[in-house]
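Chain residues, written in single-letter form:
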Protein chains: 2
Amino acid sequence: MADTKVYRASTTAPVNIAVVKYWGKRDAKLNLPTNSSLSVTLAQSDLRTLTTASCSASYTEGDSLLLNGEPSDVSGARTQACFRELRARRAALEAADPSLPKLSSLPLRIVSENNFPTAAGLASSAAGFAALVRAIANLYELPASPSELSLIARQGSGSACRSLFGGYVAWRMGENPDGSDSIADQVAEASHWPEMRALVLVASAAKKGVSSTSGMQQTVATSGLFAERISRVVPQHMEGMERAIRDRDFAAFAEITMRDSNSFHATCADTYPPIFYMNDVSRAAVRAVEQINAAAGRTVAAYTFDAGPNAVIYYLEQDTELVVGTFYHVLGGEVPGWKQAIISGLKPSLSLDEGVAALLKGGISRVIQTGVGEGPIRTEEHLVAEDGTPVKSA
Amino acid sequence: MADTKVYRASTTAPVNIAVVKYWGKRDAKLNLPTNSSLSVTLAQSDLRTLTTASCSASYTEGDSLLLNGEPSDVSGARTQACFRELRARRAALEAADPSLPKLSSLPLRIVSENNFPTAAGLASSAAGFAALVRAIANLYELPASPSELSLIARQGSGSACRSLFGGYVAWRMGENPDGSDSIADQVAEASHWPEMRALVLVASAAKKGVSSTSGMQQTVATSGLFAERISRVVPQHMEGMERAIRDRDFAAFAEITMRDSNSFHATCADTYPPIFYMNDVSRAAVRAVEQINAAAGRTVAAYTFDAGPNAVIYYLEQDTELVVGTFYHVLGGEVPGWKQAIISGLKPSLSLDEGVAALLKGGISRVIQTGVGEGPIRTEEHLVAEDGTPVKSA
């Protein structure tokens, strides 16, 4: 009779928010980018995906994926590419050591949960594909390094490759047509600059107009300014950002972060037809950061925006009162997401321009307080029971 | 006793709205641009400045300027440059013909009025300086051509040089350090393509954040994408736009107009700190034009935005129902500025996406219906009485 044993392994994976943005594919099939990018990995205590990968001959329905309790399609090219790459590596181990169980031929059951509301409008695909790849690699006991796994996760979702590391992470665009050198590496551990914090301002109407996948390809095809961004602007930003992180120079980190976000959204606006991700509330957050830095007399905060209206504001732990205090002062306690332990200690901080404050108060529906964090962490909390039944996380 | 005779001459001058934008000075003192630009002159029956230039030995207070009933400072470098250039040309005539009255040495009294509300937030400086220069040139009976006068008006306000012609007007950036070849010329008469219409959607909160003069210099100094716009994007747009006008090809005219507006605002967003002129209402106007063109199955409308949130929508007379009808349908009769003669004939036209319609209805405070028109027109309607007293226009 067939072995019905259920093999399983679980991991958590983090969200990352780029400070030098990925926007544009030179190869859509392999998810090869037009430029390198760099991100900060955010703490999993606040934002993480928990994923259990399991396989068993008893999974008669074939490969399956349960995402936040909902069955999710696995037939897509991106998911299939990840399965295929991981199975091939497992099959190579099995060929080399016949004593190993033939997991590569067993159906996969993946169960995944986010600890943050999708309402947050945060790109969860990065954490999702990073967790999926890391969990299957654990299940298959692959000796692969995070960089090697980043090469696989990249084919699931480009920015996912950066979520395989903690701290400060670069995705090198590479040159090879097969993408073999388009991988992520760690610029610095979280412990190198542990004071980095992020305040996410979630804009109410956070429904995305144009998907990033189609949006970035429209930009590549139609923006007259895009070529300049990838050939000249981004390389300068990458070099300057790696230096700023090495030197723990927040003023430089902040200026490049803000300039790169502006440059990215400028190429979106230069796309034909134009793509607008930022709205009047996003722009109010930009002005708020400018006013906070002006009032502080130094750079204490930096804004960045992904393919949506939410603002992510980076700052250092010692400037919490100036940055978080000011936004708490404006948004007030009714907006959910504040960490009371931090907020309770804050004196009412500097006040913002009335128009800016009104736009933020009317347009921000929740906040997330977090900071730089670690990469994927193996866990014994499984979302698949020993008998193979999916379970909810504790 | 001194001759107290009052010499006077009057003109009207039009507003122009660029379809290839002027943004950036290579010489701030001489108002020399970083790139050529091209505009459509709008009909003076809807938007015009009426200016009377007068001079008399009896003007004991020296040179003066009355703008819409308010005394206006003439000591600014830009106004002084115009006065100096015009007086020098008059002085040369007087030197060549001693029988001419010595007007060049008499104090100037300039009285000027716009027929459109400043609330419209339309750049009135272009019409203003064009009228000022044309009126004084008439007063001094200078033989100067409009192109020669454009060289003087340019020093008052860059885009003013394009308001010395009707129809379709190019401002050639030129090469000479002294600006002697940075002049306007007429690409085509209004009569070459008389069907061109413009609908201005005036956004309620039309107060300008950053003045164009300082804004464009910040862009030149800080935008990493700007160099690409002036070296590659604008030259292509100029060439394509002149061809589109020559061929009366509205689809090409419209695409270049929209792409150039997008490119201009993209370099504003790429400025550090970023400059935002368009707001959520402006972006709704962009989507509305896209929806109108999609519904029509061809390009019938083109949006363009200057340094503010107002949308200017170009279309052809035969498509009035599709374009004006749709906006009238959404904005309704309570928004002022509709031309009843045109509106009354229109059937309710295609309807826009609800979110877009709501933003427009809430954010557009008035409209202006106009079209391509003529250049400055000499008039006997004077804003200075024979005795030199300022008077209001009839």
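Cut-offs and rules
Residues numbered from 1 in each chain as written. Chains lettered and ligands numbered in written order. Predicted model: local features only at pLDDT ≥ 70, side-chain atom pairs only at ≥ 80, totals over all residues. Heavy atoms only, no water. Helix = DSSP H or I, 4+ residues; strand = E, 2+ residues; numbered from the N terminus. Buried < 20%, exposed > 50% of the residue type's maximum accessible area, 1.4 Å probe, protein only. Contact = heavy atoms within 4.5 Å. Areas by Shrake-Rupley, 256 points an atom, 1.4 Å probe, with all protein chains shown as cover. Lys, Arg positive; Asp, Glu negative; His and termini not counted. Charge placed at Lys NZ, Arg CZ, Asp CG, Glu CD. Pairing = 2+ DSSP bridges. Axes fitted to C-alpha atoms, helices over the stretch in contact; angles between N-to-C directions. Phe/Tyr/Trp six-rings, centres within 6.5 Å; stacked < 30°, edge-to-face > 60°. Lys NZ or Arg CZ within 6 Å of the ring centre and 35° of its normal. Least-squares fit on C-alpha atoms with pLDDT ≥ 70 in both. Salt bridge = Lys/Arg side-chain N within 4 Å of Asp/Glu carboxyl O. Polar contact = N/O pair within 3.5 Å; in protein donor to acceptor, adjacent residues only side chain to side chain. Expected span 1.5 Å × (residues − 1). Domains from an automatic or database assignment. Buried area = accessible area lost by both parts, 1.4 Å probe. Nonpolar A, V, L, I, M, F, W, Y, C, P; charged D, E, K, R; others polar. Parallel < 35°, antiparallel > 145°, perpendicular 65-115°, else oblique.

### Examining the overall build of chain A
Then, in step 1: What chain A contains, in helices and strands, is 10 helices and 16 strands.
Then, in step 2: Over its C-alpha atoms, taken along the principal directions, chain A stretches across nearly 75 × 45 × 40 Å.
Then, in step 3: Counting over 394 residues, chain A shows a buried share of 57%.
Then, in step 4: Counting contacts in chain A only where the partners sit at least 6 residues apart, residues at least 24 apart contribute 76% of the total.
Then, in step 5: Put simply, chain A shows about 14,800 Å² of open surface, and 54% of that area lies on carbon and sulfur atoms.
Then, in step 6: Treating the 36 positive side-chain charges of chain A as one cloud and the 41 negative ones as another, the clouds have centres 2 Å apart.

### Quick word on the sheet that holds strand β14 (residues 311–316) of chain A
Residues and elements named next belong to chain A.
Then, in step 1: Taking strand neighbours across the sheet as the criterion, the four strands line up as β13-β14-β12-β15 in an open arrangement whose pairing is antiparallel. Each edge of the open sheet carries a strand with a single partner, namely β13 (301–304) and β15 (364–371). Strand-to-strand twist of the sheet, defined as the mean angle between neighbouring strand axes without regard to direction, takes the value 20°.
Then, in step 2: Pairing of β13 with β14 involves four bridges; the strand directions are antiparallel. By the bridge assignment, T304 is partnered in β14 with V312.
Then, in step 3: Helix-sheet contacts for helix α7 (residues 280–296) involve β12 (196–203), β13, β14 and β15, and the interaxial angle to β13 is about 165°.
Then, in step 4: Packed on one face of the sheet, helix α10 (residues 354–363) meets β12 and β15 and runs near 90° to β15.

### Concerning the packing of aromatic side chains
Then, in step 1: If you walk through the whole model with that rule in mind, you get 18 aromatic pairs over all chains.
Then, in step 2: Note on A:W193 and A:F253: the rings are 5.6 Å apart at their centroids and 80° apart in plane angle, and the pair reads as edge-to-face. Pair noted here: A:W193 is in the loop between β11 (184–188) and β12 and A:F253 is in helix α6 (residues 250–269), with a separation of 60 residues, a long-range link.
Then, in step 3: According to the relative accessible area criterion, A:W193 is buried, its value standing at 2%.
Then, in step 4: One aromatic cluster is present, formed by A:Y168, A:W193, A:F250, A:F253 and A:Y314 through successive ring pairs.
Then, in step 5: In this arrangement the basic side chain of A:R283 is found over the ring face of B:F276, its NZ or CZ atom lying 5.5 Å from the centre.

### Examining the relation of the copies chain B and chain A
Then, in step 1: In the superposition of chain B on chain A (RMSD 0.0 Å, axial shift 0.0 Å), the rotation amounts to 180°. Such a turn and shift between the copies fits a two-fold axis. For chain B, the smallest separation between a C-alpha atom and the rotation axis is recorded for B:A266, amounting to 2.2 Å.
Then, in step 2: Of the residues that chain B buries at the interface, 100% are likewise interface residues in chain A, meaning the two copies contact each other through the same surface.

### Concerning the sheet that holds strand β1 (residues 7–14) of chain A
All names here are of chain A.
Then, in step 1: Here six strands make up an open sheet; going across it, the order is β8-β7-β9-β6-β1-β16 and the pairing mixed. A single partner strand is all that each edge strand has here, and the edge strands are β8 (70–72) and β16 (377–379). Strand-to-strand twist across the sheet, computed as the mean angle between neighbouring axes with direction ignored, equals 25°.
Then, in step 2: Of the pairings in the sheet, the one linking β1 to β16 comprises three bridges and is antiparallel in character.

### Looking at the pattern of salt bridges
Then, in step 1: Overall, the coordinates contain 40 salt bridges over all chains when judged by the stated rule.
Then, in step 2: Residues A:D185 and A:R172 are paired through a salt bridge, measuring 2.9 Å at the closest nitrogen-oxygen approach. Of the two residues, A:D185 is situated in strand β11 and A:R172 in the loop between β10 (168–171) and β11; the sequence distance between them amounts to 13 residues.
Then, in step 3: We classify A:R172 as partly exposed; its relative accessible area is 25%.
Then, in step 4: As a salt-bridge pair, B:K361 and B:E334 come within 3.1 Å of each other at their nearest N and O atoms.

### Details of the side chain of B:S163
All names here are of chain B.
Then, in step 1: As for its placement among the helices and strands, S163 is situated in the loop between α3 (146–156) and β10 (168–171).
Then, in step 2: A distance of 2.7 Å separates a polar atom in the side chain of S163 from the backbone oxygen of P14.
Then, in step 3: A polar contact of 2.8 Å, which involves the side chain of S163, links it to the side chain of N16.
Then, in step 4: If near-sequence neighbours (up to four positions away) are discounted, S163 is found in contact with P14, V15, N16, A126, A127, A130 and P376.

### Describing helix α2 (residues 125–139) of chain A
All names here are of chain A.
Then, in step 1: Between its first and last C-alpha atoms α2 spans 21 Å; for 15 residues at 1.5 Å apiece the expected length is 21 Å, and the two agree.
Then, in step 2: Across the 15 residues of α2, 13 count as buried, placing the element largely inside the fold.
Then, in step 3: E141 lies just past α2 and shows a positive phi near 50°.

### Examining the domain arrangement of chain A
All names here are of chain A.
Then, in step 1: Each assigned domain of chain A is listed with its residue range as follows: domain 1 (7–190 + 375–379) and domain 2 (196–371).
Then, in step 2: Taken together, the contacts link 31 residues of domain 1 with 41 residues of domain 2.
Then, in step 3: Between domain 1 and domain 2, a total of about 2,900 Å² is buried, with carbon and sulfur atoms accounting for 69% of that surface.
Then, in step 4: Broken down residue by residue, the surface that domain 1 buries against domain 2 is led by V19, K21 and W23, which jointly contribute 29%.
Then, in step 5: Across the contact surface, domain 1 and domain 2 share three salt bridges.
Then, in step 6: A salt bridge links E242 to R172; the shortest N-O distance between them is 2.8 Å.
Then, in step 7: The tally of links from domain 1 across to domain 2 stands at 11 residue pairs in polar contact (both at pLDDT 80 or more).
Then, in step 8: Of all elements in the fold, only β2 (16–20), β5 (37–41), β10 and β11 reach the threshold of two or more residues within the side of domain 1 that touches domain 2.

### What to know about the interface of chain B and chain A
Then, in step 1: The interface is formed by 30 residues belonging to chain B together with 30 residues belonging to chain A.
Then, in step 2: The junction of chain B with chain A conceals about 2,400 Å² of combined surface from both sides, 59% of it contributed by carbon and sulfur atoms.
Then, in step 3: The three residues of chain B that bury the most area against chain A are B:L225, B:Y272 and B:F276, which together make up 26% of that side's buried surface.
Then, in step 4: For the salt bridge of B:D280 with A:R283, the shortest nitrogen-to-oxygen distance reads 3.3 Å.
Then, in step 5: Counting across the interface, chain B meets chain A through nine residue pairs in polar contact (both at pLDDT 80 or more).
Then, in step 6: Within the residue set of the side of chain B that touches chain A, elements represented by two or more residues are α5 (226–246), α6 (250–269) and α7 (280–296) of chain B.
Then, in step 7: The greatest single-element share of the side of chain B that touches chain A, amounting to eight residues, is contributed by α6(B).
Then, in step 8: Across the side of chain B that touches chain A, the residue classes tally to 13 nonpolar, seven polar and 10 charged.

### A closer look at the packing of helix α8 (residues 320–331) of chain B against helix α10 (residues 354–363) of chain B
All names here are of chain B.
Then, in step 1: Their axes nearest at 9 Å, the elements α8 and α10 cross at an angle of 75°. Of the possible angle classes, the one that applies to α8 and α10 is roughly perpendicular. Of α10, the residues touching α8 (which contributes F327, V330 and L331) are A357, L360 and K361.
Then, in step 2: Split into classes, the residues belonging to the contact of α8 with α10 amount to five nonpolar, no polar and one charged.

### What about the side chain of A:E94?
Residue and element names in this part refer to chain A.
Then, in step 1: With respect to the helices and strands, E94 occurs in helix α1 (residues 77–96).
Then, in step 2: Residue class for E94 comes out buried when judged on its relative accessible area of 6%.
Then, in step 3: At 2.7 Å, the side chain of E94 and the side chain of R90 are in polar contact.

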